[in-house]
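Each chain, written out:
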Amino acid sequence: GESVGLHLPTLSVQEGDNSIINCAYSNSASDYFIWYKQESGKGPQFIIDIRSNMDKRQGQRVTVLLNKTVKHLSLQIAATQPGDSAVYFCAESGGSYIPTFGRGTSLIVHP
Amino acid sequence: GAVVSQHPSRVICKSGTSVKIECRSLDFQATTMFWYRQFPKQSLMLMATSNEGSKATYEQGVEKDKFLINHASLTLSTLTVTSAHPEDSSFYICSASRRDQGEKLFFGSGTQLSVL
(Lines give C-alpha, C1' and ligand atoms only; values in the text may rest on other atoms or scores of the structure.)
Protein backbone atom coordinates (compact mmCIF):
# COMPACT_ATOMS: atom_id res chain seq x y z
CA GLY A 1 0.00 0.00 0.00
CA GLU A 2 0.87 3.64 -0.05
CA SER A 3 2.95 5.19 2.66
CA VAL A 4 1.07 5.94 5.83
CA GLY A 5 1.50 9.46 7.16
CA LEU A 6 1.31 11.40 3.89
CA HIS A 7 -1.56 13.82 3.47
CA LEU A 8 -4.49 12.80 1.34
CA PRO A 9 -4.69 13.59 -2.37
CA THR A 10 -7.97 15.18 -3.41
CA LEU A 11 -10.26 14.57 -6.35
CA SER A 12 -12.89 17.20 -7.12
CA VAL A 13 -15.75 16.39 -9.47
CA GLN A 14 -19.08 17.83 -10.50
CA GLU A 15 -22.27 16.10 -9.51
CA GLY A 16 -23.29 13.68 -12.20
CA ASP A 17 -19.77 13.10 -13.50
CA ASN A 18 -18.00 9.78 -13.21
CA SER A 19 -15.17 9.55 -10.67
CA ILE A 20 -12.07 7.42 -10.87
CA ILE A 21 -9.98 6.89 -7.75
CA ASN A 22 -6.65 5.16 -8.12
CA CYS A 23 -4.52 3.09 -5.81
CA ALA A 24 -1.09 1.55 -6.27
CA TYR A 25 -0.18 -1.42 -4.14
CA SER A 26 3.25 -2.77 -3.45
CA ASN A 27 2.89 -6.41 -2.43
CA SER A 28 2.77 -8.67 -5.47
CA ALA A 29 1.63 -11.50 -3.19
CA SER A 30 -1.60 -9.67 -2.30
CA ASP A 31 -4.58 -11.58 -3.57
CA TYR A 32 -7.54 -9.73 -2.10
CA PHE A 33 -8.37 -6.05 -2.43
CA ILE A 34 -11.06 -3.94 -0.84
CA TRP A 35 -12.31 -0.40 -1.22
CA TYR A 36 -13.65 1.42 1.81
CA LYS A 37 -15.47 4.74 2.11
CA GLN A 38 -14.95 6.89 5.20
CA GLU A 39 -17.16 9.86 5.90
CA SER A 40 -15.93 12.57 8.22
CA GLY A 41 -15.86 11.48 11.86
CA LYS A 42 -16.99 7.94 11.09
CA GLY A 43 -15.45 4.52 10.64
CA PRO A 44 -14.77 3.12 7.15
CA GLN A 45 -17.55 1.31 5.31
CA PHE A 46 -17.05 -1.55 2.89
CA ILE A 47 -17.82 -0.66 -0.73
CA ILE A 48 -16.59 -3.45 -2.95
CA ASP A 49 -13.90 -6.11 -3.07
CA ILE A 50 -12.08 -8.12 -5.71
CA ARG A 51 -9.88 -11.20 -5.71
CA SER A 52 -6.73 -11.47 -7.76
CA ASN A 53 -8.27 -14.02 -10.11
CA MET A 54 -10.50 -11.27 -11.47
CA ASP A 55 -9.70 -7.99 -13.18
CA LYS A 56 -13.08 -6.31 -12.91
CA ARG A 57 -16.03 -6.39 -10.58
CA GLN A 58 -19.16 -4.29 -10.62
CA GLY A 59 -21.50 -3.21 -7.90
CA GLN A 60 -24.23 -0.64 -7.71
CA ARG A 61 -22.77 2.48 -9.39
CA VAL A 62 -19.25 1.29 -8.55
CA THR A 63 -16.71 -0.73 -10.49
CA VAL A 64 -13.33 -1.95 -9.29
CA LEU A 65 -10.58 -2.67 -11.78
CA LEU A 66 -7.47 -4.62 -10.92
CA ASN A 67 -4.28 -4.58 -12.99
CA LYS A 68 -1.89 -7.04 -11.44
CA THR A 69 0.81 -6.39 -14.01
CA VAL A 70 1.38 -2.87 -12.75
CA LYS A 71 -0.05 -3.45 -9.27
CA HIS A 72 -2.82 -0.93 -9.73
CA LEU A 73 -6.36 -0.80 -8.44
CA SER A 74 -9.06 1.69 -9.32
CA LEU A 75 -12.55 2.51 -8.13
CA GLN A 76 -14.97 4.00 -10.59
CA ILE A 77 -18.10 5.72 -9.32
CA ALA A 78 -20.77 6.41 -11.90
CA ALA A 79 -22.96 9.52 -11.76
CA THR A 80 -21.24 10.83 -8.66
CA GLN A 81 -23.55 12.35 -6.06
CA PRO A 82 -22.87 14.79 -3.19
CA GLY A 83 -23.36 11.88 -0.78
CA ASP A 84 -20.34 10.22 -2.33
CA SER A 85 -18.10 12.91 -0.85
CA ALA A 86 -15.77 11.08 1.52
CA VAL A 87 -12.30 9.63 1.82
CA TYR A 88 -11.79 6.41 -0.10
CA PHE A 89 -9.20 3.85 0.96
CA CYS A 90 -7.97 0.81 -0.84
CA ALA A 91 -6.74 -2.11 1.21
CA GLU A 92 -4.76 -5.16 0.18
CA SER A 93 -4.41 -8.52 1.82
CA GLY A 94 -1.93 -11.25 1.07
CA GLY A 95 -3.15 -14.18 3.06
CA SER A 96 -2.26 -12.87 6.48
CA TYR A 97 -5.87 -11.74 6.96
CA ILE A 98 -4.54 -8.37 8.08
CA PRO A 99 -5.34 -5.84 5.37
CA THR A 100 -2.90 -3.02 4.68
CA PHE A 101 -4.48 0.33 3.94
CA GLY A 102 -3.41 2.80 1.31
CA ARG A 103 -3.20 6.50 2.13
CA GLY A 104 -6.65 7.34 0.79
CA THR A 105 -8.14 9.86 -1.60
CA SER A 106 -10.52 12.61 -0.61
CA LEU A 107 -13.42 12.87 -3.06
CA ILE A 108 -15.23 16.20 -3.16
CA VAL A 109 -18.44 16.36 -5.18
CA HIS A 110 -19.63 19.81 -6.17
CA PRO A 111 -23.38 20.26 -6.72
CA GLY B 1 -24.97 -7.23 7.67
CA ALA B 2 -22.36 -7.27 10.39
CA VAL B 3 -22.58 -4.48 12.94
CA VAL B 4 -19.70 -3.30 15.08
CA SER B 5 -20.51 -0.93 17.90
CA GLN B 6 -17.81 1.30 19.36
CA HIS B 7 -18.18 3.45 22.47
CA PRO B 8 -17.71 6.18 23.39
CA SER B 9 -17.80 8.16 20.17
CA ARG B 10 -16.06 11.09 21.76
CA VAL B 11 -14.15 11.53 24.99
CA ILE B 12 -12.32 14.45 26.53
CA CYS B 13 -10.05 13.73 29.46
CA LYS B 14 -7.38 15.32 31.55
CA SER B 15 -3.73 14.45 31.08
CA GLY B 16 -2.71 11.50 33.24
CA THR B 17 -6.08 9.77 33.29
CA SER B 18 -6.91 6.48 31.60
CA VAL B 19 -9.59 6.02 28.99
CA LYS B 20 -11.30 2.79 27.97
CA ILE B 21 -12.82 2.30 24.53
CA GLU B 22 -15.16 -0.62 23.86
CA CYS B 23 -15.69 -2.45 20.62
CA ARG B 24 -18.53 -4.95 20.28
CA SER B 25 -19.64 -7.13 17.40
CA LEU B 26 -23.42 -7.06 17.80
CA ASP B 27 -24.67 -9.79 15.48
CA PHE B 28 -21.69 -12.03 14.91
CA GLN B 29 -18.75 -13.59 16.66
CA ALA B 30 -15.56 -11.82 15.70
CA THR B 31 -12.66 -14.03 14.73
CA THR B 32 -10.24 -11.21 15.18
CA MET B 33 -10.48 -7.60 16.22
CA PHE B 34 -8.18 -4.83 15.11
CA TRP B 35 -7.41 -1.43 16.58
CA TYR B 36 -6.40 1.49 14.40
CA ARG B 37 -5.32 5.02 15.04
CA GLN B 38 -5.99 7.79 12.56
CA PHE B 39 -4.66 11.34 12.47
CA PRO B 40 -6.54 14.05 10.56
CA LYS B 41 -6.40 13.61 6.80
CA GLN B 42 -4.23 10.53 7.09
CA SER B 43 -4.66 6.82 6.62
CA LEU B 44 -5.45 4.21 9.22
CA MET B 45 -2.46 2.99 11.21
CA LEU B 46 -2.83 -0.51 12.59
CA MET B 47 -1.97 -0.56 16.29
CA ALA B 48 -2.70 -4.12 17.27
CA THR B 49 -4.50 -7.32 16.40
CA SER B 50 -6.33 -9.31 19.02
CA ASN B 51 -7.88 -12.74 19.13
CA GLU B 52 -10.27 -13.84 21.83
CA GLY B 53 -8.54 -15.31 24.83
CA SER B 54 -5.00 -14.54 23.74
CA LYS B 55 -2.62 -11.64 24.04
CA ALA B 56 -2.80 -8.93 21.46
CA THR B 57 -0.13 -8.63 18.80
CA TYR B 58 1.14 -5.07 18.66
CA GLU B 59 2.62 -3.36 15.64
CA GLN B 60 6.14 -2.06 15.81
CA GLY B 61 6.38 1.20 17.68
CA VAL B 62 3.11 0.78 19.59
CA GLU B 63 3.64 0.71 23.35
CA LYS B 64 1.95 -2.31 24.94
CA ASP B 65 1.85 -0.73 28.37
CA LYS B 66 0.35 2.47 27.02
CA PHE B 67 -2.36 0.87 24.91
CA LEU B 68 -3.81 -2.07 26.80
CA ILE B 69 -6.00 -4.40 24.79
CA ASN B 70 -8.31 -6.95 26.31
CA HIS B 71 -10.29 -9.38 24.19
CA ALA B 72 -12.30 -11.28 26.76
CA SER B 73 -14.97 -12.71 24.49
CA LEU B 74 -15.77 -13.29 20.84
CA THR B 75 -17.88 -10.15 20.80
CA LEU B 76 -15.95 -7.66 22.91
CA SER B 77 -12.54 -6.05 22.75
CA THR B 78 -11.42 -3.04 24.76
CA LEU B 79 -8.60 -0.58 24.28
CA THR B 80 -7.41 1.32 27.34
CA VAL B 81 -5.20 4.33 26.83
CA THR B 82 -3.31 4.53 30.10
CA SER B 83 -2.00 7.78 31.56
CA ALA B 84 -3.14 9.66 28.52
CA HIS B 85 -1.22 12.69 27.31
CA PRO B 86 -2.06 15.31 24.67
CA GLU B 87 -0.01 13.45 22.06
CA ASP B 88 -2.40 10.50 22.46
CA SER B 89 -5.22 12.65 21.13
CA SER B 90 -6.43 10.96 17.97
CA PHE B 91 -9.28 9.10 16.28
CA TYR B 92 -9.27 5.44 17.34
CA ILE B 93 -11.16 2.89 15.28
CA CYS B 94 -11.82 -0.77 15.90
CA SER B 95 -12.73 -3.38 13.35
CA ALA B 96 -13.66 -7.02 13.39
CA SER B 97 -13.49 -9.89 10.99
CA ARG B 98 -15.80 -12.88 10.91
CA ARG B 99 -14.91 -16.41 9.99
CA ASP B 100 -17.25 -16.69 7.02
CA GLN B 101 -16.15 -13.41 5.43
CA GLY B 102 -12.40 -13.84 5.33
CA GLU B 103 -10.41 -10.64 5.22
CA LYS B 104 -13.39 -8.31 4.97
CA LEU B 105 -13.39 -5.95 7.95
CA PHE B 106 -16.37 -4.42 9.68
CA PHE B 107 -15.58 -1.15 11.36
CA GLY B 108 -16.85 0.62 14.42
CA SER B 109 -17.79 4.27 14.21
CA GLY B 110 -14.59 5.44 15.86
CA THR B 111 -13.71 7.29 19.05
CA GLN B 112 -12.33 10.81 19.02
CA LEU B 113 -10.03 11.15 22.02
CA SER B 114 -8.98 14.59 23.14
CA VAL B 115 -6.50 14.82 26.01
CA LEU B 116 -6.22 18.22 27.66
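Everything in this summary refers to the structure shown in the same document. Each chain carries its own residue numbering, running from 1 in the direction its sequence is written. Throughout, the order in which chains and ligands are written sets their labels, letters from A for the former and numbers from 1 for the latter. Owing to the predicted nature of the model, reporting of local features is limited to residues with pLDDT of at least 70; listing and counting of side-chain atom pairs is limited to 80 or more, with chain, interface and lining totals taken over all residues. Remark: hydrogens and water are excluded; side-chain values derive from all non-hydrogen atoms of the structure.

## A look at the overall build of chain B
So, step 1. A run of DSSP states H or I qualifies as a helix once it reaches four residues; a run of E qualifies as a strand once it reaches two. Both are numbered from the N-terminal end. Helix and strand counts for chain B come out as zero helices and eleven strands.
So, step 2. For the radius of gyration, the atom set is restricted to C-alpha positions; the globular benchmark scales as 2.2 Å times the number of residues to the power 0.38. Scaling as 2.2 N^0.38, a compact globule of 116 residues should have a C-alpha radius of gyration of about 13 Å, and chain B matches this with 13 Å.
So, step 3. The long-range share in chain B, meaning contacts at least 24 apart out of those at least 6 apart in sequence, stands at 54%.
So, step 4. Accessible surface area values rest on a Shrake-Rupley calculation with a 1.4 Å probe, where residue burial reflects the displayed protein chains alone. Just so you have it, chain B exposes about 5600 Å², and 50% of that area is on carbon and sulfur atoms.
So, step 5. For the purpose of counting charges, residues Lys and Arg are taken to be positive, whereas Asp and Glu are taken to be negative. His and the chain ends are not included. A single reference atom marks each charge: NZ on Lys, CZ on Arg, CG on Asp, CD on Glu. Charged side chains of chain B number 12 positive and 10 negative; the gap between the two group centres comes to 4 Å. When checking whether two residues touch, look at their non-hydrogen atoms; a contact exists if any pair is within 4.5 Å.

## Examining the sheet that holds strand E2 (residues 19–24) of chain A
All names here are of chain A.
So, step 1. As summarised here, the arrangement of the four strands in space is E2-E7-E6-E5, forming an open sheet in which the pairing is antiparallel. This sheet does not close on itself; its edge strands, each paired only once, are E2 and strand E5 (56–58). Taken pair by pair, the neighbouring strands of this sheet meet at an average axis angle of 15 degrees, ignoring direction.
So, step 2. Strands pair, by our definition, only if DSSP identifies at least two bridges between them. Where strand E6 (residues 62–67) and strand E7 (residues 72–77) come together, six bridges link them in antiparallel fashion. Convention adopted: a line fitted to C-alpha atoms gives each axis, helices being fitted over their contacting stretch, and angles between N-to-C directions are expressed from 0 to 180 degrees.

## As for the pairing of strand E8 (residues 86–93) of chain A
All names here are of chain A.
So, step 1. Most of E8 sits out of view: eight of its eight residues are buried.
So, step 2. Residue exposure (1.4 Å probe, protein chains only): buried if accessible area is under 20% of the type maximum, exposed if over 50%, otherwise partly exposed. A two-sided burial pattern is seen for E8, the buried positions comprising Ala 86, Tyr 88, Cys 90 and Glu 92 on one face and Val 87, Phe 89, Ala 91 and Ser 93 on the other.
So, step 3. Inspection of the sheet shows strand E3 (residues 32–38) paired to E8 by seven bridges, in the antiparallel sense. The partner of Gln 38 across the bridge, within E8, is Val 87.
So, step 4. Two elements, E8 and strand E10 (residues 105–110), share three bridges in a ladder whose sense is antiparallel. Counted as the bridge partner of Ala 86 is Leu 107 from E10.

## Comments concerning the pattern of salt bridges
Residues and elements named next belong to chain A.
So, step 1. Every case where a carboxyl oxygen of Asp or Glu lies within 4 Å of a side-chain nitrogen of Lys or Arg is listed as a salt bridge. Taken as a whole, this structure holds seven salt bridges over all chains when the rule is applied.
So, step 2. Glu 39 is the salt-bridge partner of Lys 37, the closest N and O atoms lying 3.4 Å from each other.
So, step 3. A residue is classified by how much of its surface remains accessible, and Glu 39, at 24% relative accessible area, is partly exposed.
So, step 4. A salt bridge links Arg 61 to Asp 84; its shortest N-O distance comes to 2.9 Å. Here Arg 61 is found in the loop between E5 and E6, whereas its partner Asp 84 is found in the loop between E7 and E8, with 23 residues between them in sequence.
So, step 5. One continuous salt-bridge network, built from bridges that share partners, spans Lys 37, Glu 39 and Lys 42.

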